[in-house]
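Analysis of the macromolecular model
What follows is the residue order along each chain.
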Amino acid sequence: VQLQASGGGLVQAGGSLRLSCAVSGSISRLNVMGWHRQAAGKQRGPVARIDSTGLTNYDDSVKGRFTISRDSAKNTMYLHMNGLKPEDTAVYYCEVRDIGRTQVYWGQGTQVTVSS
């Protein structure tokens, strides 16, 4: 299983970006997909997740600004980021937790930089 993250870039504060994470390979129907981020000098932390039923969960810092979604037919997950702030600057990683096979997979990360 491989995850390919894309969509990062440089944006001004208040702007928007959409991150994508394409999953190749076979994963169980029972899974949780999520986004994490790691700012310079800080630990990686969760941003949002969505399970195979569509149930979502967000970190308080992004609630109301970010939206996670998935397209099962395309095996792709998205993170729509609106109202970006400089503190959202980080490398964003996508993750898939294959509950059925007790495996965790990570993408390579995509840089998001928000200028003030």
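Report on the accompanying structure. All values reported here derive from a predicted model rather than from experimental measurement. (Residues numbered from 1 in each chain as written. Predicted model: local features only at pLDDT ≥ 70, side-chain atom pairs only at ≥ 80, totals over all residues. Heavy atoms only, no water.)

Looking at the secondary structure, you find threonine 110 in strand β11 (residues 110–115). With relative accessibility at 9%, the residue threonine 110 sits in the buried group. A polar contact of 3.1 Å, which involves the side chain of threonine 110, links it to the backbone nitrogen of glycine 8. Beyond its immediate chain neighbours, meaning those up to four positions away, threonine 110 contacts Ala5, Ser6, Gly7, Gly8, Leu19, Ala90, Val91 and Tyr92. (Helix = DSSP H or I, 4+ residues; strand = E, 2+ residues; numbered from the N terminus. Buried < 20%, exposed > 50% of the residue type's maximum accessible area, 1.4 Å probe, protein only. Polar contact = N/O pair within 3.5 Å; in protein donor to acceptor, adjacent residues only side chain to side chain. Contact = heavy atoms within 4.5 Å.)

Let us look at the pairing of strand β5 (residues 45–51). The two faces of the sheet receive side chains in turn, since in a regular strand these alternate between them. Taken across its seven residues, β5 has five buried, putting it largely inside the fold. Where strand β4 (residues 31–38) lies against β5, six bridges are found, and the strand directions are antiparallel. Considered in β5, the bridge of tryptophan 35 is made with alanine 48. Linking β4 back to β5 in an antiparallel pair, the connection comprises six residues, with glycine 41 at a positive phi of about 80 degrees. Hairpin connection, β5 to strand β6 (residues 56–58): the antiparallel pair is bridged by four residues, and glycine 54 has positive phi, about 95 degrees. (Pairing = 2+ DSSP bridges.)

It is worth spelling out the pattern of salt bridges at this point. Tallying each qualifying case throughout the model produces four salt bridges. Its salt-bridge partner being arginine 37, residue aspartate 88 comes within 2.9 Å of it at the nearest N-O pair. With aspartate 88 in the loop between β8 (76–81) and β9 (90–98) and arginine 37 in strand β4, this residue pair connects regions lying 51 residues apart in the sequence. Here aspartate 88 falls in the buried class, since its relative accessible area comes to 0%. When salt bridges that share partners are traced, they join Arg37, Arg65 and Asp88 into one network. (Salt bridge = Lys/Arg side-chain N within 4 Å of Asp/Glu carboxyl O.)

What follows deals with the sheet that holds β8. Read across the sheet, four strands follow the order β1-β3-β8-β7 without closing on themselves; strand pairing throughout is antiparallel. A single partner strand is all that each edge strand has here, and the edge strands are β1 (2–6) and β7 (66–71). Here the strands of the sheet are splayed against their neighbours by 15 degrees on average, with no regard to which way each runs. Sheet analysis places strand β3 (residues 17–24) next to β8, joined by six bridges and oriented antiparallel. Opposite leucine 17, over in β8, you have methionine 81 as the bridge partner. (Axes fitted to C-alpha atoms, helices over the stretch in contact; angles between N-to-C directions.)

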